[in-house]
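Take a look at the letters that make up each chain.
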2 protein chains.
Amino acid sequence: MTDKKKPSGQPDKRRAIVHGALQLFARDGYTRASLDAIAAEAGVSNRTIYNHFTDKAELFQTVIQDSTRRVADTMIDIIDRHLAKVVDLENDLVELGLAWLRLLTSDLAPHFALIRQINAEIEYIPPTALKVWQETGPGRVRQELADRLRQIAGGGQLTLADPLRAAGHLMLLISADNLTDRTALHDETELAAMVSAGVRAFLYGYKR
Amino acid sequence: MTDKKKPSGQPDKRRAIVHGALQLFARDGYTRASLDAIAAEAGVSNRTIYNHFTDKAELFQTVIQDSTRRVADTMIDIIDRHLAKVVDLENDLVELGLAWLRLLTSDLAPHFALIRQINAEIEYIPPTALKVWQETGPGRVRQELADRLRQIAGGGQLTLADPLRAAGHLMLLISADNLTDRTALHDETELAAMVSAGVRAFLYGYKR
DNA sequence: AGATTATTACACCGATCGATGTAGACATTA
DNA sequence: TAATGTCTACATCGATCGGTGTAATAATCT
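Undergrad: Could you give an account of the protein's contact with DNA strand D, naming the residues involved and the relevant values?
TA: DNA strand D sits among 18 residues. The nearest are Lys13, Ser45 and Thr48 of chain A together with Leu35 and Lys56 of chain B. At 3.2 Å from a phosphate oxygen of DNA strand D is found a main-chain nitrogen or oxygen belonging to Gln10 of chain A. Contact between DNA strand D and Asp55 of chain B: a phosphate oxygen at 3.3 Å from a side-chain N or O atom of the residue. Listing elements by their share of the surface near DNA strand D, those giving two or more residues are helix 3 (46-52) of chain A together with helix 3 (46-52) of chain B. Here the element with the most residues in the surface near DNA strand D is helix 3 of chain A; it accounts for four residues. Partitioned by chemical class, the residues of the surface near DNA strand D number four nonpolar, nine polar and five charged.

Undergrad: Mind laying out empty space enclosed by the protein, listing which residues take part and the relevant values?
TA: With the rule as written, the count across this model stands at two cavities of 30 Å³ or more. The volume enclosed by the largest cavity comes to roughly 120 Å³. If you go around the largest cavity, you meet 16 residues; those closest to its centre are Thr31 and Glu121 of chain A together with Thr31, Gln117 and Glu121 of chain B. Where the lining of the largest cavity is concerned, the elements lending two or more residues are helix 1 (11-32) and helix 6 (109-120) of chain A together with helix 1 (11-32) and helix 6 (109-120) of chain B. When the residues that make up the lining of the largest cavity are grouped by side-chain class, the tally is four nonpolar, six polar and six charged. In this model, the second largest cavity occupies a volume close to 30 Å³.

Undergrad: Lay out the protein's contact with DNA strand C in plain terms, naming residues and giving numbers.
TA: Surveying the vicinity of DNA strand C reveals 17 residues, the closest of which are Leu35, Tyr50 and Lys56 of chain A together with Lys13 and Thr48 of chain B. Sugar and phosphate atoms form 63% of the subset of DNA strand C atoms that lie within 4 Å of the protein. At 3.2 Å from a phosphate oxygen of DNA strand C is found a main-chain nitrogen or oxygen belonging to Gln10 of chain B. Contacts to DNA strand C include Ser45 of chain B, whose backbone N or O atom sits 3.0 Å from a phosphate oxygen. Of all elements in the fold, only helix 3 of chain A together with helix 3 of chain B reach the threshold of two or more residues within the surface near DNA strand C. Broken down by element, the residue count for the surface near DNA strand C peaks at four residues, all from helix 3 of chain B.

Undergrad: Pulling in residues and values, what's your account of the side chain of His82 of chain A?
TA: Residue and element names in this part refer to chain A. With respect to the helices and strands, His82 occurs in helix 4 (residues 56-83). Residue His82 is classed as buried on the basis of its relative accessible area, which comes to 18%. Within the structure, the side chain of His82 is placed 3.0 Å from the backbone oxygen of Ile78, a separation counted as a polar contact. When neighbours within four sequence positions are excluded, His82 is seen to be in contact with Asp92, Glu95, Leu96 and Ala99.

Undergrad: Tell me what's going on with helix 1 of chain A, and back it up with residues and numbers.
TA: Residues that lie three or four places apart on an α-helix share one face, since the helix turns once every 3.6 residues. The first and last C-alpha atoms of helix 1 of chain A sit only 26 Å apart over 22 residues, clearly below the 32 Å expected at 1.5 Å per residue. A maximum bend of about 85° is found in helix 1 of chain A at Ala26 of chain A. Listing the buried residues of helix 1 of chain A in full gives Arg14, Ile17, Val18, Gly20, Ala21, Leu22, Leu24, Phe25, Ala26, Gly29 and Tyr30 of chain A. Close packing links the buried residues of helix 1 of chain A with helix 2 (35-42), helix 3, helix 4 and helix 6 of chain A together with helix 1 of chain B.

Rules used in this analysis
- Residues numbered from 1 in each chain as written.
- Chains lettered and ligands numbered in written order.
- Predicted model: local features only at pLDDT ≥ 70, side-chain atom pairs only at ≥ 80, totals over all residues.
- Heavy atoms only, no water.
- Near = heavy atom within 4 Å.
- Polar contact = N/O pair within 3.5 Å; in protein donor to acceptor, adjacent residues only side chain to side chain.
- Helix = DSSP H or I, 4+ residues; strand = E, 2+ residues; numbered from the N terminus.
- Nonpolar A, V, L, I, M, F, W, Y, C, P; charged D, E, K, R; others polar.
- 1 Å grid on protein atoms, 1.4 Å probe; cavity = no way out; pocket = protein on both sides within 12 Å on 5 of 7 lines; lining within 4 Å.
- Points joined across faces, edges and corners; volume = space filled by probe spheres on them.
- Buried < 20%, exposed > 50% of the residue type's maximum accessible area, 1.4 Å probe, protein only.
- Contact = heavy atoms within 4.5 Å.
- Expected span 1.5 Å × (residues − 1).
- Bend = angle between axes of the 7 residues up to and from the residue.

Quick look at the structure:
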């Protein structure tokens, strides 16, 4: 499944390229981000990029997979940290949601700009790449969350017919806001209010 | 406020250009959509575009404003149709939400692709243009919805401290889903379930 | 009809960009 | 030392694109 690649060249150079490319792809999008600019951002020669990647497209693909994996890992960490042992379900879910939303302004911020780029160019991206991204990213997070929810349901605090579906709903209700309206920046209290509303909506449908 | 323009040239040509440009800007984004392609799509000479618009940027701006105004008008129509006389508030809100979401697959669909493009290139778009778009588009819809909600609150079915804020929350809860996850196409029943969940979340917080 | 304006097709310029070639500098390994 | 592989700077190619000039044609107006 996971295609084995031959990462030729020096690893630190490769990492610098991927990191720099993420910054520029996130800010300027696939087309507008030039390889010269990426090379400059990475502190690397233009030619070196082609020593590590065959194509601009392959570089883009690598950047997506790399960033997606890192962010998904972080989100799963947050899930485990907040839902491993539940004391107050509503409060724990709100804290989980807030921790997620705080990622939007963390050093992982460029990732979400990249996601917006992908979303915009979705008609232009090969469906297989899109499927892979979906599975190794949001899909994995949703699966982990579903497992935790099922575990909680086992304790009698929830009633779940379809945990995976419920996990999807919860993720949606938590993170819906800032992903749509980018013009209004919400302060921390407003953020908390929105997350609370989302969590309550979830519990309203699934609590028992 | 509203800058008076001098729409030189033949109106039908201009309309054809704007319409064709919307299709290509929506599909390919600002950068990738070439003027030659737009001209071909509109059935118009390349040179004619520059007879109606000074710039690619001005054309883009015009397309945004035009499409935004049309969609906002449609959404406001839907508001008026469902909330002019409320009999069953929850049901009417759900129907309103479903009518809104149906726009995503209507002939207005390119508009939302365009919005995704704007969202992606948001760092690249002049803030003033962004502000104008926000005000004549979602802002106007939100204002209209707020007015209706205030009217309903006058009847005692809602308790609103800040109708405008409440309107924003409701719009968010209704339309959050499909704007984020574009990979999974939701069927009609799932759509209805999501809208219902959003409406219930809204009423849970505001009903009295 | 005559005058004016809009539209068209075509050629062109300058700039950008992806990608490749080349040759030398540098480091590592045998 | 010799060999191998990577990195860098630079030069170049072909293609695309935004924008302009021009001259002929078509549509509109008075």
